[in-house]
Amino acid sequence: MANIKDIAKKAGVSTATVSRVLNGHPYVSERSRLAVEEAMRQLNYTPNSSAVHLKRGKTGVIAAIIKRIDHPFMSGLMQGIGEVALRKGYQIMVCQTRVQAQEELRFLHLLQTKQVDGILLEDMQNDWEKVAPYASSGPLVLVNSYEKKATVPMVYVNNYNGARQALLHLVKKGHRSIAVCLAKQKNAFCTVQWPRWQAYQDVLSEAGIEIDSRYIFENVSTGNVLAGKELFRTIREMSDKPTALFAGSDQVAAGFILEARRHGVRIPEDIAVVGFDDQPIAELMDITTVYQPIREMGEHASEMLFRLIEGLPVDQSAVEMPHRLVVRSTT
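Residues numbered from 1 in each chain as written. Predicted model: local features only at pLDDT ≥ 70, side-chain atom pairs only at ≥ 80, totals over all residues. Heavy atoms only, no water.

Would you mind going over the packing of aromatic side chains with me for this structure?
How two aromatic rings sit relative to each other is given by the distance of their centres and the angle of their planes. Tallying each qualifying case throughout the model produces six aromatic pairs. Look at Y90 and F306: their rings are 5.0 Å apart centre to centre, the planes differ by 70°, and that puts the pair in the edge-to-face class. In this pair, Y90 is assigned in the loop between α5 (72-88) and β2 (91-96) and F306 in helix α13 (residues 294-309), connecting sequence segments 216 residues apart. Assessed through its relative accessible area of 17%, Y90 is described here as buried. Looking at F306, the relative accessible area reads 1%, which means it is buried. Seen in terms of ring centroids, W197 and Y200 are 5.7 Å apart; in terms of plane orientation they differ by 20°. Their pairing is stacked. Of this pair, W197 and Y200 both sit in helix α9 (residues 193-206), separated by three residues, roughly a single helical turn. A cation over an aromatic ring shows up here: R196 above the ring of F276, its NZ or CZ 3.6 Å from the ring centre. (Phe/Tyr/Trp six-rings, centres within 6.5 Å; stacked < 30°, edge-to-face > 60°. Helix = DSSP H or I, 4+ residues; strand = E, 2+ residues; numbered from the N terminus. Buried < 20%, exposed > 50% of the residue type's maximum accessible area, 1.4 Å probe, protein only. Lys NZ or Arg CZ within 6 Å of the ring centre and 35° of its normal.)

Listed below in structure tokens is the structure:
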């Protein structure tokens, strides 16, 4: 296998010049650079990227810790992250926790062991006290997460206000029996679920509506249309059915509506439905939902992470992205 000395001999340059070409050093003549590249081609030489990264003190990789790969929200988020990483010449390691807090900590260990240059942590599943030790090991940005105790940059949508708008809309429509979908058990920590659950409790309390435990559906896979269909079948068997559903995602809302229509249940006359995210499926099926700029959230968080990696200051430590209620025909 060829080495740097072989390349230098064939190109007629010094080993120092070869090293400068391999490391992208700007002070190399065009003639020498072309000679080195031609010698590398002829000798079928491929640089050892691990050795190059070790010398530079960088891996050229960032990690994105997300809940689930198969969630449409994640597709939009990763599109935004990927566009920035591509411009920066970085690769992305995608780490899927499947909503398991321990898995999140295991992936955060990548920062402590210097296997990545930085981490984007989506929808934090652990208390900040557990995450903080990892944050001291290198660049970390929270995305789709807000934690007031956090000491790292955050990019997020105000889930409390978004859920509150949706629920107030249902109350103003006259609904008193409102069901809610939660991705985990309601007492489980989750930076997206907790504020939505709090909004549900607050809005119903302010309206003088007693919370009915039968209308709280936990551990619902929010990225799954089939979960929405299953939810409809569960509610269909109830003797005292809710008149409205805050589904928590457009996919659950879509599945619920499809199954409801298949059984002759009218939307919104028999039961109103609200989603969250404003995915294309929400517009296609004319679903009332809460819009959030998913791709832009990923872009903004990535830009902040790369500023940290490059040793540059971050202008804003907490960036709240806009959201709005989009009213359509399902309410």
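Could you clarify how one ought to interpret the nonpolar core in this entry?
One broad trend across soluble globular proteins is that nonpolar side chains are buried collectively. By size, the foremost hydrophobic cluster in this structure holds 44 residues, and its most contacted members are L167, Y200, L231, L245, F246 and F256. Elements supplying a minimum of two residues to this core: α8 (159-172), β6 (178-181), α9, β7 (216-217), α10 (225-236), β8 (244-246), α11 (250-262) and β9 (272-274). Broken down by element, this core gets its largest block of residues, six residues, from α11. The residues contacting L245, other than those within four sequence positions of it, are L170, A179, V180, C181, L231, F256, I271, A272, V273 and V274. (Core = buried A, V, L, I, M, F, W, Y, C linked by side-chain atoms within 4.5 Å. Contact = heavy atoms within 4.5 Å.)

Explain the packing of α5 against α13 here, please?
Helix-helix packing is characterised by the crossing angle of the two axes and by the distance between the axes. Two numbers describe how α5 lies on α13: the axes approach to 7 Å, and their chain directions differ by 40°. Pair α5 / α13 crosses with right-handed handedness. Facing F73, G76, L77, Q79, G80, I81, E83, V84, A85, R87 and K88 of α5, the residues of α13 in contact are I294, R295, M297, G298, E299, S302, E303 and F306. Classifying every residue of the contact of α5 with α13 by side-chain character gives eight nonpolar, five polar and six charged. (Axes fitted to C-alpha atoms, helices over the stretch in contact; angles between N-to-C directions. Left-handed = near helix turned anticlockwise from the far one by under 90°. Nonpolar A, V, L, I, M, F, W, Y, C, P; charged D, E, K, R; others polar.)

Is there a simple way to explain the sheet that holds β8 in this structure?
Whether parallel or antiparallel, the strands of a sheet pair through hydrogen bonds between backbone atoms. On the basis of which strands lie adjacent, the open sheet formed by four strands has the order β7-β6-β8-β9 and parallel pairing. Unpaired on one side and paired on the other, β7 and β9 mark the two borders of the sheet. (Pairing = 2+ DSSP bridges.)

Could you clarify how one ought to interpret the pairing of strand β3 (residues 118-122) in this entry?
Note on strand geometry: in a regular strand, side chains alternate between the two faces of the sheet. Taking burial as the measure, the five residues of β3 include five buried ones, the bulk of the element. The two faces of β3 match: G118, L120 and E122 on one face and I119 and L121 on the other face are all buried. Pairing of strand β1 (residues 61-66) with β3, which is carried by four bridges, proceeds in the parallel orientation. Note on β3: the bridge partner recorded for A64 is L120.

Help me out: how do you make sense of the packing of helix α2 (residues 15-22) against helix α3 (residues 30-42) in this one?
Remark: α2 packs on α3, axes separated minimally by 10 Å, with the N-to-C direction vectors making an angle of 85°. The angle between the axes of α2 and α3 places the two elements in the roughly perpendicular class. Of α3, the residues touching α2 (which contributes T17, V18, V21 and L22) are S32, R33, V36 and M40. Taken together, the residues that form the contact of α2 with α3 break down as five nonpolar, two polar and one charged. (Parallel < 35°, antiparallel > 145°, perpendicular 65-115°, else oblique.)

Quick question: what am I supposed to make of the sheet that holds β1 here?
Read across the sheet, six strands follow the order β2-β1-β3-β4-β5-β11 without closing on themselves; strand pairing throughout is parallel. Looking at the sheet topology across the chains shown, the edges are occupied by β2 and β11 (318-321). Strand-to-strand, the axes of this sheet are offset by a mean angle of 15°, without reference to chain direction. Across four bridges, the pairing between strand β5 (residues 154-157) and β11 is parallel. Note that in β11 the partner of V157 across the bridge is M321.

Mind showing me how you'd approach the side chain of N158 here?
Relative to the assigned elements, N158 resides in the loop between β5 and α8. Only 3.2 Å separates the side chain of N158 from the backbone nitrogen of Y160, close enough to count as a polar contact. At 2.9 Å, the side chain of N158 forms a polar contact with the backbone nitrogen of N161. The contact partners of N158, leaving out residues within four places of it in the chain, are E320 and H323. (Polar contact = N/O pair within 3.5 Å; in protein donor to acceptor, adjacent residues only side chain to side chain.)

Mind showing me how you'd approach the side chain of Q251 here?
By secondary structure assignment, the location of Q251 is in helix α11. Not counting residues up to four positions away in its chain, the partners in contact with Q251 are H71, P72, T222, G223, N224, V225, Q279 and I281.

Would you take a moment to explain unusual backbone geometry for this structure?
It is generally the case that most residues other than glycine have a negative phi and that most peptide bonds are trans. Of the consecutive residues I267 and P268, the connecting peptide bond is found in the cis state with omega at 10°. Following the sequence through the fold, P268 ends up in the loop between α11 and β9. With phi around 60°, K114 is a residue other than glycine that occupies positive phi space. Its location among the elements puts K114 in the loop between α6 (101-112) and β3.

Explain α11 to me, please; I cannot follow it from the model alone.
Since the α-helix advances by 3.6 residues per turn, residues separated by three or four positions end up pointing in the same direction. Taking 1.5 Å per residue, 13 residues should reach 18 Å; α11 reaches 18 Å between its end C-alpha atoms and fits that length. With 10 of 13 residues buried, α11 lies mostly within the body of the structure. Among the residues making up α11, those that are buried are D250, Q251, V252, A253, A254, G255, F256, I257, E259 and A260. Once α11 finishes, G264 follows within two positions and takes phi at roughly 75°, a positive value. (Expected span 1.5 Å × (residues − 1).)

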